[in-house]
Amino acid sequence: MDIVSRLQQKKPLLSFEVFPPKTPIGEENLFHELSVMVSFKPDFISVTYGAGGSTRAKTLEIATRIKSTFSIEPLIHFTCVGQSRDDIASYLNHVQSLGFNNILALRGDPPAGQHHFTPHPEGFKYASELVEFIRNMDHFTIGVAGYPEGHIEAPDLDTDIKNLKKKVDAGADFIITQLFFNNDRFYTFMEKTAKAGISIPIIPGIMPLTNMVQFQKVTAMCNPDMPVPLLQELERCTLPDDICKVGIEFTINQCKELQSYGVPGFHFYPLNKSAAVKSILDEFWHG
Ligand code: FAD
């Protein structure tokens, strides 16, 4: 079933995001972890596209293996970094020839060391242009990224939501959000997107915190607002295991609250590991 039809059902949707491992051992580990995750019957598994296209082929290899091993539909992430329209068309034709029809259409980040995104001279400046291009191919279901706390380059949330609306108007079918920890930020985002006329499903992106290094990486990536009680609990942790316990407990409560709010589902960022999401889903997910 395609993701749009699935979202039209009342039942909440579940998905996991994975990234292509760099080594064969990493890949075997990933499929072991996925065998645990699939026991929760996810509706799709999304596979990231490495910065600057670094995992171009591997993204599709992993997606192919997911589909053949678990019979679960992959969502293929794709960015337009460093590519002309012709390059993009030929890659997407290849994606289509492999039998995939779900794309997460992204602009992508500037390459490491650069502060501004420079589009390919014959490519796209914004994800909205990529969405319009893919929509015209008339084959794919299209997801796009949304930012409950505003994209890092946007001057403010209202401006970012105006730009999100451009992706919707260009033909996006659903939105997956950046991770966040403060549900109030998400609720404000939902109110503002509704006011802006965005009515396609918005799936919250959820990342359980499991260790300090991950916490620091997440802060450096998007600096999410951290609820004070969570920060206080993290400060009290003395052992690595304590951080994981706090992170899992927090995410269970976060998801239960979002479920009561009425989100259409959950997109988890498990960082290729199943233990934390298993503990969380065991507590609140009934499919
Ligand atoms: P856009 O929607 O184009 O927005 C980029 C910026 O431009 C925003 O500040 C926006 O407000 C602004 N903007 C947009 N349109 C206009 C306009 N018309 N005029 C003026 N300003 C405008 N990155 C990867 O490399 N690989 C991945 O697999 C990947 N997966 C992701 C999955 C999710 C769910 C999310 C949330 C992000 C993911 N990213 C990934 C990161 C993403 O590529 C970056 O956040 C990137 O900086 C922005 O991509 P975008 O598609 O949101 O861009």
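Everything discussed here concerns the structure shown above.
Criteria and cut-off values
- Residues numbered from 1 in each chain as written.
- Predicted model: local features only at pLDDT ≥ 70, side-chain atom pairs only at ≥ 80, totals over all residues.
- Heavy atoms only, no water.
- Pairing = 2+ DSSP bridges.
- Helix = DSSP H or I, 4+ residues; strand = E, 2+ residues; numbered from the N terminus.
- Axes fitted to C-alpha atoms, helices over the stretch in contact; angles between N-to-C directions.
- Contact = heavy atoms within 4.5 Å.
- Salt bridge = Lys/Arg side-chain N within 4 Å of Asp/Glu carboxyl O.
- Buried < 20%, exposed > 50% of the residue type's maximum accessible area, 1.4 Å probe, protein only.
- Near = heavy atom within 4 Å.
- Polar contact = N/O pair within 3.5 Å; in protein donor to acceptor, adjacent residues only side chain to side chain.
- Areas by Shrake-Rupley, 256 points an atom, 1.4 Å probe, with all protein chains shown as cover.
- Nonpolar A, V, L, I, M, F, W, Y, C, P; charged D, E, K, R; others polar.
- Core = buried A, V, L, I, M, F, W, Y, C linked by side-chain atoms within 4.5 Å.

## Some words on the sheet that holds strand β3 (residues 73–79)
An order of β1-β2-β3-β4-β5-β6-β7-β8 is seen for the eight strands of this closed barrel, with the pairing classed as parallel. Neighbour-to-neighbour, the strand axes of this sheet turn through a mean angle of 25 degrees, independent of strand direction. The pairing of strand β1 (residues 13–18) with strand β2 (residues 44–47) spans four bridges and is classified as parallel. Of the residues in β2, the one forming a bridge with phenylalanine 16 is isoleucine 45. Its contacts with the sheet place helix α3 (residues 56–70) against β1, β2 and β3, and it is angled at close to 170 degrees to β3. With respect to the sheet, helix α4 (residues 85–97) is in contact with β3 and β4 (102–106), its orientation differing from that of β3 by roughly 175 degrees.

## Focus on the pattern of salt bridges
Under the counting rule described, the total for this entry stands at 13 salt bridges. Residue aspartate 43 is joined to arginine 6 by a salt bridge in which the shortest nitrogen-to-oxygen separation is 2.5 Å. You can see aspartate 43 sitting in the loop between α2 (24–37) and β2 and its partner arginine 6 sitting in helix α1 (residues 3–8), a full 37 residues away along the chain. Residues glutamate 149 and arginine 185 are paired through a salt bridge, measuring 3.7 Å at the closest nitrogen-oxygen approach. Taken together, the residues span a long stretch of sequence, with glutamate 149 in the loop between β5 (141–146) and α6 (157–169) and arginine 185 in helix α7 (residues 183–195) at a distance of 36 residues. Of the residues examined, arginine 185 reaches a relative accessible area of 34% and is grouped as partly exposed. Three or more residues joined by partner-sharing salt bridges are found here, namely Glu27, Glu28, Lys58, Glu61 and Arg65.

## A short note on the site of the ligand
Close to the ligand lie 24 residues, the nearest being Tyr49, Asp109, Tyr147, Asp160 and Lys167. Within the contact set of the ligand, an oxygen atom lies 2.9 Å away from a side-chain nitrogen or oxygen of asparagine 163. Protein chains bury 86% of the 980 Å² of accessible surface belonging to the ligand in isolation. Those elements giving two or more residues to the shell around the ligand turn out to be β3, β4, α6 and β6 (174–179). Among the elements that make up the shell around the ligand, the one with the highest residue count is α6 (four residues). Of the residues that constitute the shell around the ligand, the class distribution is 11 nonpolar, seven polar and six charged.

## Some points on the nonpolar core
Of all hydrophobic cores here, the largest spans 64 residues; its most connected members are Leu34, Ile66, Ile103, Phe266, Phe268 and Leu281. When neighbours within four sequence positions are excluded, isoleucine 66 is seen to be in contact with Val18, Phe31, Leu34, Ile45, Val47, Ser71 and Ile72. Within the second largest apolar cluster, 27 residues are counted, among which are Phe181, Met207, Met226 and Val246.

## Here's the deal with the environment of glutamate 122
On the secondary structure map, glutamate 122 appears in the loop between β4 and α5 (127–137). Among the residues examined, glutamate 122 registers a relative accessible area of 52% and is labelled exposed. Between the alpha carbons of glutamate 122 and arginine 85 there is a distance of 6.1 Å; along the sequence they are 37 residues apart. Apart from residues lying up to four places away in sequence, glutamate 122 is in contact with Ser84 and Arg85.

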